[in-house]
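# An overview of the molecular structure
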Amino acid sequence: MLPSGVLTTNYESDMAIVRTKTQWLLLAVGIGLLFSVSLFASNYWLTWLTRVAIYVVAILGLHILTGLCGQFSIGHMAFLGVGAYVVAVLTSQLGLSGWLCLPLSGLAAGVVGLFFGLPCFRLKGFYLAISTLAANFIIVWLMEHFQWQNAEGLTVGGSVGLTVPRLTLAGIDLNSKSAFYCVAIAVMLAATFFAKNLQRTRTGRAFVAIRDNELAAQISGMGLFRYKMLAFFIGCFYAGVAGWLWAYSIRSVNPLQFGLDDSIWLVGMLIIGGMGSTTGAFFGALSFSLLEEFIDRIRPVLEDAFPSMALQLNVALSLGVFSIVILIFLIKEPRGLYHLWEKFKLYYRLYPYAYMRE
Amino acid sequence: MDTFLGALVEGILHGGIYALLALGLVVIYKSSHVFNIAHGEIMMFLAYFMVFLVSSQDLPIGLSFLLVIAVGAGVGLACERIFLRPLIGKPMLITFMVALVMGILIRSIAILWHGGAPQTIALFPSGYIRVGDLSFSSTLVWSFVIALAMFLLFMLVFRYSKVGLGMRCVAEDHQTSQSLGIDVKKVFALSWAIGGSMAAIGGVLLGSLTIVDSDTLGLFALVRALPVLLLGGLESVPGALVGGLIIGVTEILASTYIDPHIHGFRELLPFILIVAVLMITPHGLFGLKRIERV
């Protein structure tokens, strides 16, 4: 429901994402604020925000794949890893420019995603989920078992991983936390722009039709296989781009960063945020990272309270809390925070005429 | 030749155990259409429980095995009642996701309780059984025997008892069963209880074969059960046995002949098998091809 007084008078205004002058103003101020954070925030919070931006990009890919097209992927972190490894190998071993690697890492992850999406030719639903689960392990296994000697005779790859050289743009070093934060935000905004617009195109509508009813979509003349593969490619392309950001934000990659648990948390973030909306991706990444932060703060307190269990708490606390939160959302509110937000918006726009909701 | 024969027999022995791992998943999937991907983690949890009973409480092995099976049934019931009962009728991907996250929750509980340190179970006296030139660890042989016995017991119950008839009926159609007077929810609970006790047996057997470790045991079990299931067909009980034997033999043969050349290939193989089976025969050898009608 639109705010009172916003009227649709022509087709363009009906299709517009940003509807009113106030919204344009808020958007501009919001983006300005996002970038200006880099001027005053501490390194700790800049790193945190960069991580959130990376999650948002990855979840947007998952949102296109799962939220729009209805195909599950529980190997998304591994596709992200493919992107990160492509950057690491190409820049540190072959000396390619980091910026050239941005599309390359996306493409590489997309192609790998296409391969593991192949079973969707004949299958749907959770068979595909199992295929991507296998993909996660196969990719991590490959990362662990490929190692070679570099020019200086050091062993790279394998379980040691690789380090990523500095990112520069026209002679400016983008390695500082604040500079890289701006890069991450820019990539995130571009990704959001694309995802938001994809939903309104023919392709996006085909994705939604396939999610809602495959049979009906096929009867309407959509090539199921083609669109599903396209969804896989775009979703994994996003993961690859997120991997590019990941590689440069941490400056080293190793197989441990891309485990199955992290893939499950990515899907969890999508569920917490709400499937099928770009805003949901933001809600999911933000609330999950806040939860992570909260657990980090509360862990020392708990370790002091139960010193005999300090070692277990270190591992089990985050696993337990994350899984409980995701389970609560799955059982109680599978449409996620975005749905709650919509309900709240409806409530205050109609206040005090609550009965208008029908 | 001896290497080949040895590997073949060892593969069959492993295959029997894998079939038992997969059976627990088949039972639950058949009746309630929930793909219980947390099965591996439940196994790990129960294997730790076995360690707890044997080493901390000093109970005899036989008694604690029975206790663990009972507790396994309880864990299965609890999972069904708390997490899956509210989701009856929801899309399968939601229940799949719930099961996946439930597995992580169970793992975190196991780590909290036992510290996640690797443990061992000595279920059978160690030693080797020799047949001609070949020798097999007696733990493996005994585990195979127990797994096969449990498998046959379940098949008999499923085929000839009234409870089994009810379960088969529910597997066919929920609504029809309900109108015939079968308590579908009770059958769900029962199949989860059976699945849980299968997890207990499988967990203890696997724990005695390898080590009980919170990081690896659950994954090991799940990763073996998945290709078995997919190859045999998700709804098929005999399929689990056939699939188990095929996967077991393939794994041991591959690890005998390929592992020396490609290090760590044995860990990778189940995943390659999963992807290959999904691409080549997605519904498995004995699975049902569901035809959607408008």
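So, here is what we can say about the structure in this document. (Residues numbered from 1 in each chain as written. Chains lettered and ligands numbered in written order. Predicted model: local features only at pLDDT ≥ 70, side-chain atom pairs only at ≥ 80, totals over all residues. Heavy atoms only, no water.)

### Points about the overall build of chain A
Helix and strand counts for chain A stand at 14 helices and 6 strands. Since a compact globule built from 358 residues should have a radius of gyration of about 21 Å, the 22 Å found for chain A is in line with a globular shape. For chain A, with 358 residues in total, the buried portion stands at 48%. In chain A, the share of contacts with a sequence separation of at least 24, taken over all contacts with a separation of at least 6, comes to 74%. With the model as given, the accessible surface of chain A reaches about 16,800 Å², and the carbon-plus-sulfur share is 66%. (Helix = DSSP H or I, 4+ residues; strand = E, 2+ residues; numbered from the N terminus. Rg over C-alpha atoms; globule rule 2.2 N^0.38 Å. Buried < 20%, exposed > 50% of the residue type's maximum accessible area, 1.4 Å probe, protein only. Contact = heavy atoms within 4.5 Å. Areas by Shrake-Rupley, 256 points an atom, 1.4 Å probe, with all protein chains shown as cover.)

### Quick look at the interface of chain A and chain B
Contacts between chain A and chain B engage 43 residues on the former and 44 residues on the latter. Buried surface at the junction of chain A and chain B, summed over both partners, amounts to about 4,000 Å²; 84% is from carbon and sulfur atoms. Where chain A meets chain B, there are 1 salt bridge. Taking the shortest distance from any N to any O, the salt bridge between Arg107(B) and Asp261(A) comes out at 3.0 Å. For the pair chain A and chain B, the number of links is 1 residue pair in polar contact (both at pLDDT 80 or more). Broken down by element, the side of chain A that touches chain B gets its largest block of residues, 12 residues, from helix α13 (residues 310-332) of chain A. Counted by class, the side of chain A that touches chain B contains 32 nonpolar, 8 polar and 3 charged residues. (Buried area = accessible area lost by both parts, 1.4 Å probe. Salt bridge = Lys/Arg side-chain N within 4 Å of Asp/Glu carboxyl O. Polar contact = N/O pair within 3.5 Å; in protein donor to acceptor, adjacent residues only side chain to side chain. Nonpolar A, V, L, I, M, F, W, Y, C, P; charged D, E, K, R; others polar.)

### Remarks on the pattern of salt bridges
Under the defined criterion, the tally for this structure stands at 10 salt bridges over all chains. For Glu214(A), the salt bridge is made with Lys228(A), and the minimal N-O distance between the two is 3.2 Å. With a gap of 14 residues between them, Glu214(A) in helix α9 (residues 214-219) and Lys228(A) in helix α10 (residues 224-250) connect regions that are remote in the sequence. Of the two residues, Glu214(A) and Lys228(A), both sit in the buried class. Shared partners join several salt bridges into a network, and the residues in it are Asp261(A), Glu41(B) and Arg107(B).

### Here's the deal with the side chain of Ser208(B)
All names here are of chain B. Following the sequence through the fold, serine 208 ends up in helix α8 (residues 184-209). On the basis of relative accessible area, serine 208 is assigned to the buried category, the value being 11%. Of the polar contacts made by the side chain of serine 208, one reaches the backbone oxygen of leucine 205; its length is 2.8 Å. Aside from chain neighbours lying at most four places away, what touches serine 208 is Ile121, Leu123, Phe124, Thr139 and Ser143.

### Here we look at the environment of Ser176(A)
Structurally, Ser176(A) can be placed in the loop between β5 (172-173) and α7 (177-198). Here Ser176(A) falls in the partly exposed class, since its relative accessible area comes to 38%.

### A word on the packing of aromatic side chains
Residue and element names in this part refer to chain A. Across all of its chains, the model carries 26 aromatic pairs over all chains by this definition. On the basis of an interplanar angle of 45° and a centroid distance of 6.1 Å, the ring pair of phenylalanine 233 and phenylalanine 237 is categorised as tilted. You can see phenylalanine 233 and its partner phenylalanine 237 sitting in helix α10, 4 residues apart, about one turn around the helix. Overall, phenylalanine 237 belongs to the partly exposed group, its relative accessible area being 27%. (Phe/Tyr/Trp six-rings, centres within 6.5 Å; stacked < 30°, edge-to-face > 60°.)

### Remarks on the nonpolar core
Ranked by internal contacts, the top residues of the largest apolar core, which has 212 residues, are Phe126(A), Phe207(A), Trp244(A), Phe258(A), Phe35(B) and Met97(B). Examining the composition of this core, we find that 16 residues originate from one element, α10(A), more than from any other. With residues near it in sequence (within four places) discarded, Phe35(B) still touches Phe126(A), Ile130(A), Leu25(B), Tyr29(B), Met92(B), Phe96(B), Ala99(B), Leu226(B), Leu229(B) and Leu234(B). (Core = buried A, V, L, I, M, F, W, Y, C linked by side-chain atoms within 4.5 Å.)

### Regarding the packing of helix α3 (residues 43-68) of chain A against α7(A)
The geometry of a pair of packed helices is captured by two quantities: the angle between their axes and the separation between those axes. All names here are of chain A. In the contact formed by α3 and α7, the axes pass within 9 Å of each other and the chain directions differ by 20°. One element, α3, and the other, α7, form an angle in the roughly parallel class. Of the two possible hands of crossing, α3 and α7 adopt the one that is left-handed. Counted together, Asn43, Leu46, Thr47, Leu49, Thr50, Ala53, Val56, Val57, Leu60 and Ile64 of α3 and Lys177, Ser178, Phe180, Tyr181, Ala184, Ile185, Met188, Ala191, Thr192, Ala195 and Leu198 of α7 form the full contact between these two elements. (Axes fitted to C-alpha atoms, helices over the stretch in contact; angles between N-to-C directions. Parallel < 35°, antiparallel > 145°, perpendicular 65-115°, else oblique. Left-handed = near helix turned anticlockwise from the far one by under 90°.)

### Side note on the packing of helix α10 (residues 237-257) of chain B against helix α11 (residues 265-280) of chain B
Residue and element names in this part refer to chain B. Running from amino to carboxyl end, α10 crosses α11 at an angle of 140°, the nearest separation of the two axes being 9 Å. Between α10 and α11, the crossing angle belongs to the class labelled oblique. Helix-helix and strand crossings are classified by hand; for α10 and α11 the assignment is right-handed. Side by side, α10 and α11 meet where Ile247, Thr250, Glu251, Ile252, Ala254 and Ser255 of the first sit next to Phe265, Arg266, Leu269 and Leu273 of the second. Classifying every residue of the contact of α10 with α11 by side-chain character gives 6 nonpolar, 2 polar and 2 charged.

### What to know about α10(A)
Residue and element names in this part refer to chain A. For α10, built from 27 residues, the straight-helix expectation of 39 Å at 1.5 Å per residue is met to within 8% by its first-to-last C-alpha distance of 38 Å. Burial runs high along α10: 20 of the 27 residues are buried. Backbone geometry just downstream of α10 places arginine 251 in the positive-phi region, at approximately 70°. (Expected span 1.5 Å × (residues − 1).)

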